[in-house]
Amino acid sequence: MILFFLFWGAIEWFAYQSLRTLLQRKKILVAYQIFSFVLAVFFLYTISQFDRSVGQTRQTMLVLAAALLVYIPKMVLSIVMIAEDFFRVGKGSVTYLAKKNRDQPFMASRRKFVSQMGLSLAAIPFISVLYGIFEGKYNFKVIKQPIYFPDLPEEFDGFKITQISDIHSGSFDNPDKINYAIDLINEQNSDMILFTGDIVNTHAKEMLPWIETFNRIKKPKFGKYSVLGNHDYGEYVSWPTPEAKEANFQAIKNLYGQIDFELLLNEHRVIEKEGQKIALVGVENWGHNFKRAGDINKASNGLSNTDFKILMSHDPSHWDYEVQHHEKNFHLTLSGHTHGMQFGIEIPGYFKWSLAQYVYKQWAGLYENKGRYVYVNRGFGFHAYSGRVGIMPEITVIELKKGNKLV
């Protein structure tokens, strides 16, 4: 806590120094200090009142969004001011050691243009976070990804799979935008639709207002399948009794059926087309730092290492730690979970960056190791931060292709 308050105090101090350089009116500076203090007290009070028996609510999401809106720009501004202070100390040291102008102050006064530059840079994250709250979180992108396999059964050449992940229905606040996304899913006319977990934030009741909406997803010829995500186990709140937690878990599992998705719980299904087959394997959540209920051996029992297999596993760390080197050779793994942290920079086909990459080796898009692939969906919904900046909500359309991968 001491480090937190020191960090917070430093941010506030340097942000204030920047404004003091630009503004000469004392009343405005005092008003700014009072406003900053009131906001800080409000944020800290809200955090202290967080109810573990309820979990995340729209109010807590809005408070977090407001905190990001205030403090990310201040952090940027502080970095600029700290950089200027290093320059001022360096210049003062050189002047002092050279024994020049020792009658002048050791550190030169702050330069107005540096503060102006800092404010200009701080405006970028401010506008970005604001955009993410009002527009970015529903800026759905359809990403089409062909993947080549030399041993794909010929009848499945061109087989299309639409993947969605991380719905987090408890965060939604705009039915029109969700209906638009459902229309996008239906427009893909895929052969199969797969949902890789996290239907809610915590409670089964979060999804009830959206059952009819998600039932609009048309069932393709080869079905709709799903697996559980880490949030589907209700482990991020305090429950009055173990029975209440179990009842919620059972209700969440039932939700998948209510929107006509077949839930695979450490099991597999054989998909047949014109006499040829592939296997769809679904495991419960398995995460390096999260719940490990997934049992890949149980789910693939009866399958050989030559069978063509698609694995649904919510957390991509499962692929990293267990799947990619598994003796049964899982050709393609579909995951979600990371959301790309809902914050980053992405230029499709050229560049992508997010804090998520410092936590997960595979965090967004397609990755490959010796002919085995994992695709990490960026998520349909949003959680914690009520917005998305740079990393947009995703509907993935994967096309299986027979042949060697293109260079």
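Preceding this section is the structure that the text describes.
Owing to the predicted nature of the structure, the values given are computational and were not obtained by experimental measurement. (Residues numbered from 1 in each chain as written. Predicted model: local features only at pLDDT ≥ 70, side-chain atom pairs only at ≥ 80, totals over all residues. Heavy atoms only, no water.)

Examining the sheet that holds strand β13 (residues 372-376)
As a general point, the strands of a sheet are linked pairwise by backbone hydrogen bonds and lie either parallel or antiparallel. Let me state the cut-off plainly: In this description, strands pair whenever DSSP reports at least two bridges between them. Strands here mean DSSP runs of E at least two residues long; helices mean DSSP runs of H or I at least four residues long; both are numbered from the N terminus. Every axis in this analysis is a line fitted to C-alpha atoms, fitted for helices over the stretch in contact. Angles between the N-to-C directions lie between 0 and 180 degrees.
Spatially, β6-β7-β8-β9-β13-β12 is the arrangement adopted by the 6 strands of the open sheet, whose pairing is mixed. Edge positions in the open sheet fall to β6 (267-273) and β12 (365-369), since each of these has one partner strand only. Averaged over all pairs of adjacent strands, the angle between strand axes in this sheet comes to 20 degrees, irrespective of strand direction. Direction of pairing for β6 relative to strand β7 (residues 276-282): antiparallel, over a ladder of 7 bridges. When the sheet's bridge partners are listed, Glu267 is paired in β7 with Gly282.

As for helix α7 (residues 242-258)
Applicable threshold: For a helix, the expected span equals 1.5 Å multiplied by the residue count minus one. A 1.4 Å probe rolled over the protein chains alone gives each residue an accessible area, and that area as a share of the maximum for its type sets the label: buried under 20%, exposed over 50%, partly exposed in between. Taken from the helix axis, the directions to the C-beta atoms give the arc we talk about. Two residues form a contact once any of their heavy atoms are found within 4.5 Å.
Compared with the 24 Å implied by 1.5 Å per residue over 17 residues, the 24 Å span of α7 between its first and last C-alpha is a close match. Asn248, Phe249, Ile252, Lys253, Leu255 and Tyr256 are the residues of α7 that are buried. Around the axis of α7, the buried residues are gathered within 140 degrees of arc, so they sit on the same side. Summarising the contacts, the buried residues of α7 are in contact with β3 (192-195), α6 (211-214), β4 (224-226) and β5 (262-263). Phi turns positive one or two residues past the end of α7, at Asp260, with a value near 70 degrees.

Regarding the nonpolar core
Definition in use: What we call a nonpolar core is a set of buried Ala, Val, Leu, Ile, Met, Phe, Trp, Tyr and Cys residues that are connected through their side-chain atoms within 4.5 Å.
Core analysis: the largest hydrophobic core is formed by 33 residues, its most contacted members being Phe172, Ile199, Met207, Phe214 and Phe380. Residue assignment for this core shows that the elements contributing at least two residues are α5 (175-187), β3, α6 and α7. If one sorts the elements of this core by residue count, α5 sits on top with 5 residues. Among the nonpolar cores identified, the runner-up in size contains 24 residues, and Met192, Leu194, Tyr373 and Leu400 belong to it.

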